[in-house]
Amino acid sequence: MAGEKSAPKIVGLTPDRRQSFYGRDIVSVKQFSRDDLTYIFGVADEMRSIVKRVGATDLLKGYVLANLFYEPSTRTSSSFIAAMQRLGGSVIPIHGVQYSSVSKGESLPDTIRTLECYADVIVLRHPEVGASEVAARYASKPVISAGDGVGEHPTQGLLDIYTIYTELGTIDGLHVAMVGDLKNGRTVHSLARLLCLYDTKMTFVSPEILRLPPALKEELIQAGRPIAETARVEDVIETVDVLYVTRVQKERFADLREYEAVKGYYEITPALMERAKERMALMHPLPRVGEIHYDVDDDPRAAYFRQVENGLYIRMALLAAVLGKV
Ligand code: NCD
């Protein structure tokens, strides 16, 4: 096969790591150790190299993913589809509410028990906190949370911390500031928990009404990491290694007047970025609705579209790992 490109061989999981992933649900980042992350980063690196070199592999040939979304999604939904397809598997895409029997009143357990008759793995996004844990209890196949309301977004947390690692070459020793809707932003909840596995300092930047949930703050303090809170991004811009900006989660507000009062609170502009370190990463889980100006996009520190791309490799790694193929 001289000269022909072939997919690189993927290293096998060690028995411990295999236990962390094979056949397991992914419903919260609390389930991961630092070794698990090191492992999944390594597999994601290999997935990147496969995609760059040959586009796809047949590692999951014959496997089927049910992609069940009860809330809107662009990146999470399409990256899981792309991940499964680039691994040679196929996908049943279901946007739950509108077109499935959910609109006829079918329950989550019945929907899950139906889908696992067809699929080997189920990805679920749902508006209620804990919904993926409920689904996981009913399913004998692995359930991967794609976000449960204001709870967690574990696969986004993994791709975010992987992005920090790929952008800056380390996680230990970094100062990470998270900005925006820290109360309702589930990506923040997952990322902050993952950062506790490393020697990091975190600053939470938000208006008073969008502060981190007290229970989560307590959890981070118990984990022994230094944390600080402020309302002003100017307080951190000169010292941060990572500025993680989030959207104010309009759909979580009962009173839209409250949303209107805080929606434009932070705007990252080229002038603000001039004050930031030369080597740092500006991140956002996207979608953005004004928090980062478009004219910041050409700044080499603007990492949000590389973050999107990393989501593909992390989700390929996770699918292959829960299905026992790496
Ligand atoms: C996030 C989400 O759905 O929680 N988006 C994503 O998955 N990349 C962030 C958001 O909606 O603001």
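Residues numbered from 1 in each chain as written. Predicted model: local features only at pLDDT ≥ 70, side-chain atom pairs only at ≥ 80, totals over all residues. Heavy atoms only, no water.

Visitor: How would you summarise the overall build of the protein if you had to cite specific residues and measurements?
Guide: When helices and strands are tallied, the protein shows 12 helices and nine strands. Relative to a compact globule of 326 residues, whose C-alpha radius of gyration would be 20 Å, the protein shows 20 Å and is just as compact. Judged by the C-alpha coordinates and their principal axes, the protein covers about 55 × 55 × 40 Å. Residue burial in the protein is summarised as follows: out of 326 residues, 55% are buried. A separation of at least 24 residues holds for 74% of the contacts in the protein among residues at least 6 apart in sequence. Carbon and sulfur atoms provide 50% of the accessible area of the protein, an area that totals close to 14,300 Å². (Helix = DSSP H or I, 4+ residues; strand = E, 2+ residues; numbered from the N terminus. Rg over C-alpha atoms; globule rule 2.2 N^0.38 Å. Buried < 20%, exposed > 50% of the residue type's maximum accessible area, 1.4 Å probe, protein only. Contact = heavy atoms within 4.5 Å. Areas by Shrake-Rupley, 256 points an atom, 1.4 Å probe, with all protein chains shown as cover.)

Visitor: Can you explain the sheet that holds strand β5 (residues 175–179)? Please cite residues and give values.
Guide: Note on sheets: strands pair through backbone hydrogen bonds, and any given pair is parallel or antiparallel. Within the open sheet, the five strands sit side by side as β7-β6-β5-β8-β9. Their pairing is parallel. Single-partner strands in this sheet number two, and they are β7 (227–230) and β9 (281–283). Strand-to-strand, the axes of this sheet are offset by a mean angle of 15°, without reference to chain direction. Pairing between strand β6 (residues 201–205) and β7: four bridges, direction parallel. Bridge pairing in β7 places F204 opposite E229. (Pairing = 2+ DSSP bridges. Axes fitted to C-alpha atoms, helices over the stretch in contact; angles between N-to-C directions.)

Visitor: Before we move on, can you summarise the domain arrangement of the protein with the specific residues and values?
Guide: When the parts come together, some accessible area is lost, and that loss is often what is quoted as the size of the interface. Annotation of the protein at the domain level lists domain 1 (15–152 + 309–322) and domain 2 (154–307). Computed over C-alpha atoms only, the centres of domain 1 and domain 2 are separated by 24 Å. In this complex, domain 1 contributes 33 residues to the contact, which on the side of domain 2 involves 28 residues. The junction of domain 1 with domain 2 conceals about 2,600 Å² of combined surface from both sides, 59% of it contributed by carbon and sulfur atoms. Among the residues of domain 1 in contact with domain 2, V29, R34 and F41 are the three that bury the most area, contributing 24% of the side total. Our count for the domain 1 to domain 2 interface comes out at four salt bridges. A salt bridge links E71 to R252; the shortest N-O distance between them is 2.9 Å. At the junction of domain 1 and domain 2, the tally comes to 19 residue pairs in polar contact (both at pLDDT 80 or more). (Domains from an automatic or database assignment. Buried area = accessible area lost by both parts, 1.4 Å probe. Salt bridge = Lys/Arg side-chain N within 4 Å of Asp/Glu carboxyl O. Polar contact = N/O pair within 3.5 Å; in protein donor to acceptor, adjacent residues only side chain to side chain.)

Visitor: I'd love a proper account of the site of the ligand, names of residues and values included.
Guide: Near the ligand, the surroundings consist of T76, R125, H153, Q156, R186, T187, R247, Q249, P285, L286 and P287. One nitrogen or oxygen atom from the side chain of H153 is found 2.8 Å from an oxygen atom belonging to the ligand. With respect to the ligand, the side chain of R247 contributes an N or O atom lying 2.8 Å from an oxygen atom. Contact with the protein chains covers 94% of the free accessible surface of the ligand, which is 320 Å². In this structure the site holding the ligand corresponds to the largest pocket. (Near = heavy atom within 4 Å. 1 Å grid on protein atoms, 1.4 Å probe; cavity = no way out; pocket = protein on both sides within 12 Å on 5 of 7 lines; lining within 4 Å. Sits in = over half its atoms within 2 Å of the grid points.)

Visitor: Tell me what's going on with the sheet that holds strand β4 (residues 143–148), and back it up with residues and numbers.
Guide: Spatial ordering of the open sheet is given by β2-β1-β3-β4, a layout of four strands whose pairing is parallel. Here the strands that pair on one side only, and so sit at the sheet edges, are β2 (90–95) and β4. The mean inter-strand angle of the sheet, taken between neighbouring strand axes irrespective of direction, is 10°. Here four bridges tie strand β3 (residues 121–126) to β4, and the two strands are oriented parallel to one another.

Visitor: Which residues make up the layout of surface pockets, and what values do they have?
Guide: A probe as big as a water molecule, rolled over the atoms, marks out the empty space that is left. In this model, the largest pocket occupies a volume close to 440 Å³. R125, R186, R247, L286 and P287 are, among the 21 residues lining the largest pocket, the residues nearest its centre. Residue assignment for the lining of the largest pocket shows that the elements contributing at least two residues are α3 (75–86) and α8 (186–195). Per-class residue counts for the lining of the largest pocket are four nonpolar, 10 polar and seven charged. For the lining of the largest pocket, the two domains that each supply at least three residues are domain 1 (15–152 + 309–322) and domain 2 (154–307). (Points joined across faces, edges and corners; volume = space filled by probe spheres on them. Nonpolar A, V, L, I, M, F, W, Y, C, P; charged D, E, K, R; others polar.)

Visitor: Report on the packing of α8 against helix α9 (residues 214–222), specifying residues and quantitative values.
Guide: Orientation of α8 relative to α9, taken along the N-to-C sense of each, is 10°, at an axis distance of 10 Å. The angle between α8 and α9 falls in the class roughly parallel. For the element pair α8 and α9, the recorded crossing hand is left-handed. Taking contact as the criterion, the partners of H189, A192 and R193 in α8 are, on α9, L216, E219 and L220. (Parallel < 35°, antiparallel > 145°, perpendicular 65-115°, else oblique. Left-handed = near helix turned anticlockwise from the far one by under 90°.)

Visitor: Which residues make up the pairing of strand β8 (residues 242–245), and what are the values?
Guide: Both faces of β8 are covered, namely the face carrying V242 and Y244 and the face carrying L243 and V245. Bridge count between β5 and β8: four bridges; the pairing is parallel. When the sheet's bridge partners are listed, V176 is paired in β8 with V242.

Visitor: Residues and numbers for the packing of aromatic side chains, please.
Guide: If you walk through the whole model with that rule in mind, you get six aromatic pairs. Both rings, one in Y265 and one in Y266, keep their centres 5.0 Å apart while their planes meet at 65°; by these two values the pair is edge-to-face. Look at Y265 and you get partly exposed, because its relative accessible area is 42%. Taking relative accessible area as the criterion, Y266 reaches 9% and is therefore assigned buried. (Phe/Tyr/Trp six-rings, centres within 6.5 Å; stacked < 30°, edge-to-face > 60°.)

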